[in-house]
Amino acid sequence: MSIVQPASAATTPQITLNPGSGPAGSAVTVTGTGFKAATTGTVIVGSTTFAFQTTSTGAFSTGITIPAASTGNLTITAKTSSIKASATFVVQAAPAPAPAPTISSAPLRFGVATPGGPMASTELDEVATVAGEVPSVVMSYKDFLQAPPISELDAVRSRGATPLVTWEPWAWGGGVDQPAYSLSRITAGDFDGYISQWGQSLAAWGKPVMLRFAHEMNGNWYPWAEGVNGNQSGEYVAAWRHVHDVVAATGASNVQWVWSPNVPYWGSTDLAGLYPGAGYVDVVALDGYNWGTSQTWSSWVSPVDLFAPGISQLRALAPGKPVLIAETASSEMGGSKASWNTDLVSYLAAQPDVMGFVWFHMQKETDWRINSSDSSASAFKSALLARRS
């Protein structure tokens with residue numbers, strides 16, 4: 001003779017939770033067995049209920065949400081008629097949100113130039129997230145056809161940063177040969193009305209602004225370089241001093257003048273004949289890139305080899321002036337960009353007269369962006385953090 005055991009006594013009702021712990025608001029799957037077959041049931045979570053349907057074997061699976069105000073050990077009960085089972089969900093404290101990036105007080109300032117310029121808040125927010133800190137300098141570019149960018153200056157100022165305006169005496173897209181913008185015409189006063197307008201606007205704005213006029217003048221790719229566009233030796237200094245004096249005459253004492261050659265290279269114009277003099281320059285700067293093997297003519301160069309010779313020349317020409325790396329970035333091609341980033345920040349941070357550097361965060365001739373790769377972004381962020389400690 002066989003004994004038939006009632007189904008209700010054959011299986012003890014039980015439930016499992018997946019996951020069994022997490023923050024309030026977690027989605028949890030409740031799985032049950034041993035309940036009344038083919039009927040509806042209820043999962044009770046505090047004062048909240050969730051309905052479920054059992055199968056012909058008395059099993060069920062349903063999703064619930066842990067109430068937002070839950071804390072500690074939370075009892076979760078499932079029941080069908082008089083059959084019920086419970087399990088405990090451990091409510092974990094939600095992790096504290098990561099602190100928002102801020103501007104660093106480190107002596108070596110971090111600056112950036114992005115494609116959209118100072119008004120592109122999304123781009124600048126992305127850079128802050130990637131770098132782990134808010135850029136304290138935001139650079140933009142203006143040619144001689146553009147009005148003073150007061151709205152952009154306000155946008156930079158609202159971020160707690162200093163605006164650095166690269167002011168280019170030419171018309172964008174016109175090439176190197178632009179006789180209308182020759183150095184002799186600038187010195188002769190042909191643009192004095194326009195230059196005065198800038199000075200008056202900057203003076204009225206009244207807050208610190210860095211003005212980088214006619215940069216990379218020791219090369220041959222801009223119409224303000226000597227030896228191109230009809231320009232003669234000695235005319236660059238004369239033009240710089242004239243523009244400086246016209247702006248100064250408007251009372252724009254809030255302007256810091258940034259003289260910014262390219263890193264010297266074989267065949268570049270000697271810097272000594274291009275320096276306007278201590279009374280006309282507040283900050284001396286260098287532009288330099290590690291092109292790697294991105295171009296047919298280029299090769300990998302370390303930060304020290306790229307910048308040390310030029311910095312030495314700046315120190316000799318302008319003793320006591322702060323030094324800024326006004327444009328820099330590295331290609332991914334030909335070496336480890338991550339290592340290059342680390343070496344750059346480490347080297348510059350060790351130079352007491354180097355006040356900061358501005359990263360050219362753009363895809364142009366190659367991918368210059370900080371986050372051109374995950375390894376580049378991680379190394380850059382770590383390097384900035386290391387120079388803060």
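Participant: Looking at this structure, I do not really get the sheet that holds strand E6 (residues 60–65). What am I missing?
Facilitator: Working definition: the strands of a sheet are paired by backbone hydrogen bonds and lie parallel or antiparallel to each other. Pairing in this open sheet of 3 strands is antiparallel, and the strands run E1-E3-E6 from one edge to the other. The strands lining the two open edges of the sheet, one partner per strand, are strand E1 (14–18) and E6. When strand polarity is set aside, the average angle formed by the axes of neighbouring strands in this sheet is 25°. Two elements, strand E3 (residues 27–33) and E6, share 6 bridges in a ladder whose sense is antiparallel. Considered in E6, the bridge of Thr-29 is made with Gly-63.

Participant: Explain helix H7 (residues 303–317) here, please?
Facilitator: Each turn of an α-helix holds 3.6 residues, which means side chains three or four residues apart point in the same direction. Between its first and last C-alpha, H7 extends 21 Å over 15 residues, near the 21 Å set by a 1.5 Å rise per residue. Buried residues of H7: Pro-303, Leu-306, Phe-307, Gly-310, Ile-311 and Leu-314, and no others. On an axial view of H7, the arc spanned by its buried residues comes to 110°, and they lie on one face. Opposite its buried face, H7 presents the exposed residues Asp-305 and Ala-316, each directed more than 90 degrees away.

Participant: So what exactly am I meant to see when it comes to the packing of aromatic side chains here?
Facilitator: Within the structure shown, the criterion is met by 31 aromatic pairs. Grouping aromatic residues by their ring pairs yields a cluster made of Phe-144, Trp-167, Tyr-181, Phe-191, Tyr-194, Trp-198, Phe-213, Tyr-236, Trp-240 and Trp-257. Taking the ring centre of Trp-205 as reference, the NZ or CZ of Lys-207 above it sits at 4.8 Å.

Participant: What is the right way to read the packing of helix H2 (residues 121–131) against helix H9 (residues 374–388) from this model?
Facilitator: Describing two packed helices takes the angle between their axes plus the distance from one axis to the other. Closest axis-to-axis distance for the H2/H9 pair is 8 Å, and the angle between their directions is 75°. Looking at the two axes, H2 sits roughly perpendicular to H9. Residues Thr-129, Val-130 and Ala-131 of H2 pack against Ala-377, Phe-380, Lys-381 and Leu-384 of H9.

Participant: Hey, could you run me through the pairing of E1 in this one?
Facilitator: Remember that side chains alternate between the two faces of the sheet whenever the strand is regular. Burial along E1 is one-sided: the residues Ile-15 and Leu-17 are buried and none of Gln-14, Thr-16 and Asn-18 is. Bridge analysis of E1 against E3 gives 5 bridges, and the strand direction is antiparallel. Across the sheet, the residue bridging to Thr-16 is Thr-31, located in E3.

Participant: Please explain H9 as it appears in this structure.
Facilitator: Its 15 residues place the ends of H9 22 Å apart at the C-alpha level, agreeing with the 21 Å of an ideal helix rising 1.5 Å per residue. Among the residues of H9, those classed as buried are Ser-376, Ala-377, Ala-379, Phe-380, Ala-383, Leu-384 and Arg-387. Those residues of H9 that are buried are in contact with strand E9 (109–113), H2, helix H8 (337–349) and strand E16 (354–360).

Conventions and cut-offs
- Residues numbered from 1 in each chain as written.
- Predicted model: local features only at pLDDT ≥ 70, side-chain atom pairs only at ≥ 80, totals over all residues.
- Heavy atoms only, no water.
- Pairing = 2+ DSSP bridges.
- Helix = DSSP H or I, 4+ residues; strand = E, 2+ residues; numbered from the N terminus.
- Axes fitted to C-alpha atoms, helices over the stretch in contact; angles between N-to-C directions.
- Expected span 1.5 Å × (residues − 1).
- Buried < 20%, exposed > 50% of the residue type's maximum accessible area, 1.4 Å probe, protein only.
- Arc of directions from axis to C-beta.
- Phe/Tyr/Trp six-rings, centres within 6.5 Å; stacked < 30°, edge-to-face > 60°.
- Lys NZ or Arg CZ within 6 Å of the ring centre and 35° of its normal.
- Parallel < 35°, antiparallel > 145°, perpendicular 65-115°, else oblique.
- Contact = heavy atoms within 4.5 Å.

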